[in-house]
Amino acid sequence: MAEEKKELSMENSVGPQETEEKKEPESIESTAYCCAQALITAVVGVVALFTFFVRLIGVSGGSMQDTLYTGDRLLVLNSVFCDFQPGDVVVVNDYNAELDETLVKRIIAVGGQTVDIDFTAGVVYVDGQPLEEPYTKEPTYKSDSIRFPLTLEEDEVFVMGDNRNHSTDSRSGQLGPVKEGYLQGKALLLLIPGQTPDAGHRDWSRVGAVSG
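Residues numbered from 1 in each chain as written. Predicted model: local features only at pLDDT ≥ 70, side-chain atom pairs only at ≥ 80, totals over all residues. Heavy atoms only, no water.

K.L.:
Would you mind going over the pattern of salt bridges with me for this structure?
P.N.:
When the charged atoms of two side chains with opposite charge come close together, those side chains can pair. Following the criterion strictly, the structure yields eight salt bridges and no others. Among the ionic pairs, Lys186 bridges to Asp88, the shortest N-O distance being 3.6 Å. Linking Lys186 in strand S11 (residues 183–192) with Asp88 in the loop between strand S2 (73–78) and strand S3 (89–92), this pair joins segments that are 98 residues apart in sequence. Between Lys179 and Asp155 there is a salt bridge, and its shortest N-O distance comes to 3.3 Å. Here Lys179, found in strand S10 (residues 178–179), pairs with Asp155, found in the loop between strand S8 (150–151) and strand S9 (156–160); they are 24 residues apart in sequence, far enough to count as distant. (Salt bridge = Lys/Arg side-chain N within 4 Å of Asp/Glu carboxyl O. Helix = DSSP H or I, 4+ residues; strand = E, 2+ residues; numbered from the N terminus.)

K.L.:
Would you mind showing me how to read the nonpolar core here?
P.N.:
Note that soluble globular proteins tend to have their nonpolar side chains buried in a common cluster. Membership of the largest hydrophobic core comes to 13 residues, with the highest contact counts inside it found for Ile108, Val115, Phe148 and Phe158. With sequence-adjacent residues up to four places away left out, Val115 is seen in contact with Ala109, Val124, Tyr125, Phe148, Pro149, Leu150 and Phe158. (Core = buried A, V, L, I, M, F, W, Y, C linked by side-chain atoms within 4.5 Å. Buried < 20%, exposed > 50% of the residue type's maximum accessible area, 1.4 Å probe, protein only. Contact = heavy atoms within 4.5 Å.)

K.L.:
Would you mind showing me how to read the sheet that holds strand S5 (residues 114–118) here?
P.N.:
Whether parallel or antiparallel, the strands of a sheet pair through hydrogen bonds between backbone atoms. In space, the four strands of this open sheet follow the order S7-S6-S5-S8, with antiparallel pairing throughout. Each edge of the sheet is formed by a strand with only one pairing partner; in this case those strands are strand S7 (129–130) and S8. Sheet analysis places strand S6 (residues 123–126) next to S7, joined by two bridges and oriented antiparallel. Following the sheet pairing, Val126 is matched in S7 by Gln129. (Pairing = 2+ DSSP bridges.)

K.L.:
Before we go on, may I ask you to explain a nonpolar patch on the surface in this structure?
P.N.:
Together, Leu56, Leu188, Leu189, Leu191, Ile192, Trp204 and Val207 line one region of the surface with nonpolar side chains, adding up to about 530 Å² of accessible area. Among the elements that take part in the nonpolar patch, S11 stands out by supplying four residues, more than any other. Relative to the elements of secondary structure, Leu191 occurs in strand S11. (Patch = residues over 30% accessible without salt bridge, like charges linked within 9 Å, V, L, I, M, F, W, Y side chains within 5 Å. Areas by Shrake-Rupley, 256 points an atom, 1.4 Å probe, with all protein chains shown as cover.)

K.L.:
Before we go on, may I ask you to explain the confidence of the model for the chain in this structure?
P.N.:
As a general rule, the predicted coordinates of low-pLDDT regions are not to be interpreted in detail. Confidence in the prediction of the chain, expressed as mean pLDDT, is 83, and 76% of residues score 70 or more. Note that pLDDT drops below 50 for residues 17–24; the model gives that stretch one contact with residues more than four away or on any other chain. (pLDDT = per-residue confidence, 0-100.)

K.L.:
What should I look at first to understand the packing of aromatic side chains in this one?
P.N.:
The relative placement of two aromatic rings is captured by the distance of their centres and the angle of their planes. Summed over the entire model, instances satisfying the criterion amount to two aromatic pairs. Taken together, the ring pairs connect Phe119, Phe148 and Phe158 into an aromatic cluster. Cation over ring: Arg106 sits above Tyr135, and NZ or CZ is 3.9 Å from the ring centre. (Phe/Tyr/Trp six-rings, centres within 6.5 Å; stacked < 30°, edge-to-face > 60°. Lys NZ or Arg CZ within 6 Å of the ring centre and 35° of its normal.)

K.L.:
Just to check I follow, could you spell out the environment of Val54 for this structure?
P.N.:
By the secondary structure assignment, Val54 is in strand S1 (residues 54–58). In the structure, Val54 is positioned 131 residues away from Gly185 in sequence and 8.5 Å away in space, judged by C-alpha atoms.

K.L.:
Looking at this model, I keep getting lost on unusual backbone geometry. Mind explaining?
P.N.:
Generally, phi is negative for residues other than glycine and the peptide bonds are trans, each holding for most cases. Across the junction of Gln65 and Asp66, the peptide omega takes the value 5 degrees, indicating a cis bond. Considering the arrangement of structural elements, one finds Asp66 in the loop between S1 and S2. Cis geometry marks the peptide bond from Phe148 to Pro149; its omega dihedral reads 0 degrees. Tracing the sequence through the fold places Pro149 in the loop between S7 and S8. Look at Asp127: it is not a glycine, yet its phi comes out positive at around 55 degrees. Owing to a relative accessible area of 44%, Asp127 belongs among the partly exposed residues under this scheme.

In structure tokens:
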């Protein structure tokens, strides 16, 4: 009798490997569907990012040397997310007939501030204080049609190129102070460098933040 119970007990005992349900391998169709779904999600995310939040802007011309060069590609944050400040590198819309191109410049002063320039000494003043401008290629000797000192309206910014003597900017009556509504956005990063005139090739060490 004891032997029968022992045999019955052994028959009813099952090893752990036998109790585990074997997982069926995923079919090729299921794997392909998951990959396609992930790819579509990624594409939609990238499109949304570059539609509503950021965009890539190309630089053309030498007005921002030696900070930026022709062919540089900037990652620009859309203006609705920006609190513009002095030192920011910004993109200005082509909003009048005299300047029919998108411009990349640096904000020197914002609404309510007063700009003055000593063109003999090449020094820019904001609210009576001389600016330290390590980003400029040369001192500011070039004047234009705007008269100084100039106090900005609350919704205006004063922009200049870093290549001060080879830039058409807010010193010119063609542009003047810019309404914030005409700013596309603020440059966050130099994402893809163009070819610098001296090196003749892409200098990837230049990749990084561009605002002051």
